[in-house]
Amino acid sequence: MHTALITGSTSGIGLGIATEFAKAGYNIIFNGLEPNGAEIAANIAKEYNIKTIFNGANMLQPTELQAMVKQGVETFGTIDILVCNAGIQHVAPIDEFPEEKWNAILGINLTSAFHLSKAVWPTMKANKWGRIIMIASAHGLVASEFKSAYVAAKHGLVGLTKTLGLEGAPYGITANAICPGYVKTPLVEKQIADQAKTHGISEKEVIEKIMLAKHAIKDFVTVEDLGQMAVYLASNNARLITGTAMPMDGGWNAQ
Ligand code: NAD
């Protein structure tokens, strides 16, 4: 039985990924800032007959991240899979971009992945097996205006992934980034409302003219699609896939 630590797994994509790992029989360390995190973890354990724990470590606090990894290893004996998914967004032109938002986005979306990878590394190295999966973004590969911090953080995450792929090779540890296009989660619902206000257009127009305009296939990616890809990357069949940044973006990156 394998154990997966999934950050930001009490909402959106992280919860979708956790659900697919649960269906596949993995034990899960849940994390996130949602106040009902422990309840979500307990419900999934019951529904899929697996073991789960919840740890509310804040991605901006390295000591809390180290303690979460320690708790996971003490509870399950090992952590085999790390999914760095927690993330936030802020949209503003560069000359108005608040410094504290830049620092928070870099800290939560990028630096936490460094601290967590470093913390799980000794266990994975000792096991001669490990899987690190970063939830980057299409914005890890291309830019959009007004998202300076997010684009910088996600490009950084792709760079970290490549380095971990190389360093993990002798130890059976792979590292890969998944780069989703738009997924309708609470993070994107908020952007739809904000952009409608900023541009003075309806939410339907934001979806059609701004968001899905980037996708060649005019549909949102689902959390189940992403969960299935993560479960595949964690499998033995994916042992030679490492250091990659895989788009699941309806063809956005092909343009
Ligand atoms: P979401 O807001 O639904 O979930 C984000 C999760 O991260 C939540 O559980 C939240 O509690 C957690 N989180 C935020 N700040 C945290 C902190 N300081 N400490 C601990 N946990 C924290 O968002 P989502 O859309 O599911 O996004 C998940 C990831 O997917 C993010 O990294 C995001 O950049 C990426 N992504 C999202 C989309 C999309 O269209 N939704 C597209 C590409 C990439």
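Residues numbered from 1 in each chain as written. Predicted model: local features only at pLDDT ≥ 70, side-chain atom pairs only at ≥ 80, totals over all residues. Heavy atoms only, no water.

Colleague: What am I meant to see in the domain arrangement of the chain here?
Modeller: Bring the parts together and some accessible area is lost; that lost area is often taken as the interface size. Examined at the domain level, the chain breaks down into domain 1 (3–182 + 222–254) and domain 2 (184–220). Here the C-alpha centre of domain 2 lies 24 Å away from the C-alpha centre of domain 1. On the domain 2 side, the residues contacting the 17 residues of domain 1 number 12 residues. Here domain 1 and domain 2 share an interface that buries about 1,200 Å² over both sides, 62% of which is from carbon and sulfur atoms. The largest contributions to the domain 1 side of the interface with domain 2 come from Tyr-182, Gly-250 and Trp-252, which together make up 53% of the buried area. Our count for the domain 1 to domain 2 interface comes out at 5 residue pairs in polar contact (both at pLDDT 80 or more). The residue inventory of the side of domain 1 that touches domain 2, partitioned by class, reads 6 nonpolar, 9 polar and 2 charged. (Domains from an automatic or database assignment. Contact = heavy atoms within 4.5 Å. Buried area = accessible area lost by both parts, 1.4 Å probe. Polar contact = N/O pair within 3.5 Å; in protein donor to acceptor, adjacent residues only side chain to side chain. Nonpolar A, V, L, I, M, F, W, Y, C, P; charged D, E, K, R; others polar.)

Colleague: Looking at this model, I keep getting lost on the site of the ligand. Mind explaining?
Modeller: Around the ligand, a shell composed of 30 residues is seen, among which Ser-11, Asn-85, Tyr-150, Val-183 and Thr-185 lie nearest. Between Ile-13 and the ligand, the recorded distance is 2.8 Å, taken from a backbone N or O atom to an oxygen atom. Measuring from a nitrogen atom of the ligand, one finds a backbone N or O atom of Met-59 at 2.9 Å. In isolation the ligand has 830 Å² of accessible area, and contact with the protein removes 94% of it. For the ligand, the cavity whose grid points lie within 2 Å of the majority of its atoms is the largest pocket. Mapped onto the shell around the ligand, the elements with two or more residues apiece are helix H1 (12–23), helix H5 (148–168) and helix H6 (186–199). Among the elements that take part in the shell around the ligand, H6 stands out by supplying 3 residues, more than any other. Considering only residue class, the shell around the ligand consists of 16 nonpolar, 12 polar and 2 charged. The two domains that each donate at least three residues to the shell around the ligand are domain 1 (3–182 + 222–254) and domain 2 (184–220). (Near = heavy atom within 4 Å. Areas by Shrake-Rupley, 256 points an atom, 1.4 Å probe, with all protein chains shown as cover. 1 Å grid on protein atoms, 1.4 Å probe; cavity = no way out; pocket = protein on both sides within 12 Å on 5 of 7 lines; lining within 4 Å. Sits in = over half its atoms within 2 Å of the grid points. Helix = DSSP H or I, 4+ residues; strand = E, 2+ residues; numbered from the N terminus.)

Colleague: Where do I start with empty space enclosed by the protein in this structure?
Modeller: One simple way to see leftover space: roll a probe sized like a water molecule over the atoms. On inspection of all chains with the given rule, the structure shows 1 cavity of 30 Å³ or more. The volume enclosed by the largest cavity comes to roughly 50 Å³. Surrounding the largest cavity, Thr-7, Cys-84, Asn-85, Ala-86, Ile-108, Asn-109, Ser-112, Ala-113, Ile-135, Lys-154 and Leu-157 form its lining. Secondary-structure elements contributing two or more residues to the lining of the largest cavity are helix H4 (99–127) and H5. In terms of residues, the lining of the largest cavity owes the most to one element, H4, which gives 4 residues. Here the residues of the lining of the largest cavity sort into 6 nonpolar, 4 polar and 1 charged. (Points joined across faces, edges and corners; volume = space filled by probe spheres on them.)

Colleague: Is there a simple way to explain the nonpolar core in this structure?
Modeller: A general tendency of soluble globular proteins is for nonpolar side chains to be buried together. By size, the foremost hydrophobic cluster in this structure holds 37 residues, and its most contacted members are Met-68, Leu-82, Leu-116, Ile-132 and Met-134. Looking at this core, the elements with two or more residues in it are helix H3 (62–76), strand S4 (81–84), H4, strand S5 (130–135), H5 and strand S6 (173–180). Once you skip the residues sitting within four places of it in the chain, Leu-82 turns out to touch Leu-5, Leu-116, Ser-117, Val-120, Met-124, Arg-131, Ile-132 and Ile-133. Core analysis: the next-biggest nonpolar cluster, separate from the first, contains 31 residues, Ile-44, Val-183, Val-221 and Val-223 among them. (Core = buried A, V, L, I, M, F, W, Y, C linked by side-chain atoms within 4.5 Å. Buried < 20%, exposed > 50% of the residue type's maximum accessible area, 1.4 Å probe, protein only.)

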